[in-house]
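Results of the structural survey
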Amino acid sequence: ISLPLFHAVLAGIVGYFLGLAAINPSRQKPLIFIGIAIAAILHGLYDTFAGGTMGLIILAFAILLFVVYLRRSQQMMADMHQAEEQYQTIQEGMR
């Protein structure tokens, strides 16, 4: 049961960062990298420790991280959207 849930959570984390990248073109590559890196690191740690208690701790941490992202998503997206608008204004002023 934990493995399908874990993969869904990892996909959700990557999808969250892809969504952030879509609304923040100036930070697109770093955001995509961060999302994939978080998922890859968590997956690697889980694969390493899957047979014991540490595997369950990593699974719980991944779920907690995803829930935190979901709960903060509205505020984070508003903040990043505002930063992107400021960046675009600065870029236009430099032309």
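Keep in mind that this is a model prediction, so the values were computed, not measured. (Residues numbered from 1 in each chain as written. Predicted model: local features only at pLDDT ≥ 70, side-chain atom pairs only at ≥ 80, totals over all residues. Heavy atoms only, no water.)

Of regular secondary structure, the chain possesses three helices and zero strands. Helices (α) and strands (β) of the chain occur, in sequence order from the N terminus, as α-α-α. For the chain, the C-alpha radius of gyration of 16 Å lies well beyond 12 Å, the compact-globule estimate for 95 residues. Seen through its principal axes, the chain has C-alpha atoms that stretch 55 × 20 × 15 Å. Relative to its 95 residues, the chain shows a buried fraction of 26%. (Helix = DSSP H or I, 4+ residues; strand = E, 2+ residues; numbered from the N terminus. Rg over C-alpha atoms; globule rule 2.2 N^0.38 Å. Buried < 20%, exposed > 50% of the residue type's maximum accessible area, 1.4 Å probe, protein only.)

Quick look at helix α1 (residues 2-23) now. In this model, α1 (22 residues) spans 32 Å end to end at C-alpha, consistent with the 32 Å of a helix rising 1.5 Å per residue. For α1, the complete set of buried residues consists of F6, V9, L10, G12, I13, Y16, F17, L20 and A21. (Expected span 1.5 Å × (residues − 1).)

In this section: the environment of V68. Within the secondary structure, V68 is located in helix α3 (residues 53-93). The class of V68 is partly exposed, set by a relative accessible area of 39%.

On to a nonpolar patch on the surface. Side chains of I41, L45, F49, M54 and I57 sit close together on the surface and give an oily, nonpolar patch of about 450 Å² of accessible area. The set of elements that each furnish at least two residues to the nonpolar patch consists of α2 (28-49) and α3. Take the nonpolar patch: its biggest share by element is three residues, from α2. Here I41 lies in helix α2. (Patch = residues over 30% accessible without salt bridge, like charges linked within 9 Å, V, L, I, M, F, W, Y side chains within 5 Å. Areas by Shrake-Rupley, 256 points an atom, 1.4 Å probe, with all protein chains shown as cover. Salt bridge = Lys/Arg side-chain N within 4 Å of Asp/Glu carboxyl O.)

Moving on: the nonpolar core. Counting 19 residues, the largest nonpolar core has F6, I13, F17 and L42 as its most contacted members. Elements with a minimum of two residues in this core: α1, α2 and α3. Contacts of F6, omitting those with residues within four sequence positions, involve L42, H43, Y46, L59 and A62. (Core = buried A, V, L, I, M, F, W, Y, C linked by side-chain atoms within 4.5 Å. Contact = heavy atoms within 4.5 Å.)

Counted under the stated rule, the structure contains four aromatic pairs. Of the aromatic side chains, those joined through ring pairs into one cluster are Y16, F17 and Y69. (Phe/Tyr/Trp six-rings, centres within 6.5 Å; stacked < 30°, edge-to-face > 60°.)

Per-residue pLDDT for the chain averages 89, and the proportion of residues at 70 or more is 99%. Highest mean pLDDT in the chain belongs to α2 (95); lowest belongs to α3 (86). (pLDDT = per-residue confidence, 0-100.)

Here we come to α3. Remark: the principal bend of α3, roughly 60°, maps to S73. Residues of α3 that are buried: G55, I58, L59, A62, L65, Y69, S73, M76, M80 and E84. (Bend = angle between axes of the 7 residues up to and from the residue.)

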